[in-house]
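The lines below spell out each chain.
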Amino acid sequence: QLLVHCLLQLEYYDNIPIVEDNAQAIGGDYTFSNGKKVKTGVMGLIGCTSFFPSKNLGCYGDGGAIFTNDDSVSILLLNHNFSNVFRNRDHHEVLFRKINTFLIKNKIIKNNIIDLGAWIGDNSIPWSKNIDGVVYAIDPSNENCDFINQTCEINSITNVKTIQSAISNSNELLTTDEHINHCSFVYGNTGLNGKNKENAVSLDYLYETKTIENIGYIHLDVEGMEYKILQGSNKLLDECRPIISFE
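Q: I tried to follow the overall build of the chain on my own but got confused; where do I start?
A: Within the chain one finds eight helices and 13 strands. For the chain, the spread of C-alpha atoms along the principal axes amounts to about 70 × 40 × 30 Å. Residues counted as buried form 43% of the 247 residues belonging to the chain. The contacts in the chain between residues at least 6 apart in sequence include a share of 62% that link residues at least 24 apart. Carbon together with sulfur atoms contributes 52% to the accessible area of the chain, which is approximately 13,600 Å² in total. Charge-centre separation for the chain: the mean point of 19 positive side chains lies 6 Å from the mean point of 30 negative side chains.

Q: Explanation requested: helix α5 (residues 142-154) in the structure shown.
A: Turn by turn, an α-helix covers 3.6 residues, leaving residues three or four places apart pointing in a common direction. Between its terminal C-alpha atoms α5 stretches 19 Å, which fits the 18 Å expected from 13 residues at 1.5 Å a residue. Those residues of α5 that fall on the buried side of the exposure criterion are N144, C145, F147, I148, T151 and C152. Buried residues of α5, viewed axially, fall in a sector of 160°; they line one side. Where α5 is buried, its residues touch α2 (81-87), α4 (124-128), β7 (135-139) and β8 (160-164). Capping the start of α5, S141 holds a side-chain oxygen 3.3 Å from the backbone nitrogen of E143, two or three residues further along. S156 lies just past α5 and shows a positive phi near 55°.

Q: Where do I start with the side chain of D204 in this structure?
A: Turning to its location among the elements, D204 is positioned in helix α6 (residues 203-208). Here D204 sits buried without a salt bridge, and the closest side chain of opposite charge, K235, lies 7.5 Å off (N-O distance). Those residues in contact with D204 that sit more than four places away from it in its chain are G232, S233, N234, K235 and L236.

Q: What is the right way to look at the sheet that holds strand β5 (residues 64-67) in this model?
A: Two pairing modes exist for strands in a sheet, parallel and antiparallel, and in both the strands are linked by backbone hydrogen bonds. The mixed open sheet is built from three strands, whose spatial order is β1-β4-β5. The open sheet has two free edges, formed respectively by β1 (19-21) and β5, since each of these has just one partner strand. Here the strands of the sheet are splayed against their neighbours by 25° on average, with no regard to which way each runs. Bridge count between β1 and strand β4 (residues 46-50): three bridges; the pairing is parallel. In the sheet register, E20 faces β4, and the bridge partner there is G47.

Q: Explanation requested: the pairing of β7 in the structure shown.
A: Along a regular strand, successive side chains alternate from one face of the sheet to the other. Counting buried residues in β7 gives five out of five residues, a clear majority hidden from the surface. In β7, alternate side chains face the same way, and those of V135, A137 and D139 on one face and Y136 and I138 on the other are all buried. Where strand β6 (residues 112-116) lies against β7, four bridges are found, and the strand directions are parallel. Within β7, the residue paired with D115 across the bridge is A137. Each parallel crossover has a hand, and the one from β7 via α5 to β8 is right-handed.

Q: Looking at this model, I keep getting lost on the sheet that holds strand β10 (residues 172-176). Mind explaining?
A: Judged by pairing direction, the sheet is mixed, and its three strands sit side by side in the order β9-β11-β10 without closing on themselves. Of all strands in the sheet, those bounded by a partner on one side alone are β9 (166-167) and β10. Across five bridges, the pairing between β10 and strand β11 (residues 196-201) is antiparallel. Within β11, the position partnered with T176 by the bridge is N196.

Q: Looking at this model, I keep getting lost on the pairing of β4. Mind explaining?
A: Of all five residues that make up β4, four are buried, and the element is covered over most of its length. Judged from the four bridges that link them, β4 and β5 form a sheet pairing that is antiparallel. Paired with S50 across the strands is G64, a residue of β5.

Q: In this structure, what is going on with helix α3 (residues 94-105)? I would like to understand it.
A: Compared with the 16 Å implied by 1.5 Å per residue over 12 residues, the 16 Å span of α3 between its first and last C-alpha is a close match. Along α3, the positions that sit buried rather than exposed are F96, R97, N100, L103 and I104. With its buried residues spanning 130° around the axis, α3 presents them on a single face. Residues of α3 that are buried make contact with β6, α4, β12 (215-220) and β13 (243-246). Phi turns positive, to about 60°, at K107, one or two residues after α3.

Calculation criteria
- Residues numbered from 1 in each chain as written.
- Predicted model: local features only at pLDDT ≥ 70, side-chain atom pairs only at ≥ 80, totals over all residues.
- Heavy atoms only, no water.
- Helix = DSSP H or I, 4+ residues; strand = E, 2+ residues; numbered from the N terminus.
- Buried < 20%, exposed > 50% of the residue type's maximum accessible area, 1.4 Å probe, protein only.
- Contact = heavy atoms within 4.5 Å.
- Areas by Shrake-Rupley, 256 points an atom, 1.4 Å probe, with all protein chains shown as cover.
- Lys, Arg positive; Asp, Glu negative; His and termini not counted.
- Charge placed at Lys NZ, Arg CZ, Asp CG, Glu CD.
- Expected span 1.5 Å × (residues − 1).
- Arc of directions from axis to C-beta.
- Polar contact = N/O pair within 3.5 Å; in protein donor to acceptor, adjacent residues only side chain to side chain.
- Salt bridge = Lys/Arg side-chain N within 4 Å of Asp/Glu carboxyl O.
- Pairing = 2+ DSSP bridges.
- Axes fitted to C-alpha atoms, helices over the stretch in contact; angles between N-to-C directions.
- Right-handed = clockwise from strand over helix to strand, strands pointing away.

Just distances and angles here, no functional claims.
Now the structure itself:
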């Protein structure tokens, strides 16, 4: 029991994934020292079993299966350059991801979610699999939004709505010299002379036009635009009272 406890602590606190070999114990129970019982095969990130004839769940020939309760793991990815980045995102901002997973799975975050600065959907897509509402994935990059839409399609995800737009405190033109797929409209500001130009709207504009509604959580990853975005969200914040997080 001590070894199992230590291994699970490594996974939780140090983000070391635990793969549980369940080939000889499928269907069994494990009892922790505090009396809590869980099914074997679901304690780690992934449980695996063998279909070899001598195993509990055998067949003619060889094979196997893996099981997971983690929706960040069970996502099909496209044959796309962005997929390599998406695949490794769970090793970044680990504490942030754990906090958000806790808030969502314990129903502290309710209603719809705004993922602002959604990038390639590495938050929007896993979150969508854990809520009944809609995730609004907002990003200025058309390529990023296309990747999110295609990834949702192959995973049969229907509750992610992409909005390809920059967001500010008013309807205005923003520019940057950085690549629009991952950029800041603040750092290294070029005024209106940047190579890449994007029309911005406010969150209140999207709310008043019913493009977004019933917001319970706003995630901001907007590279210095936080203050202006909140300035343009007064009505939404007053009426919906969402939880807000910053990166």
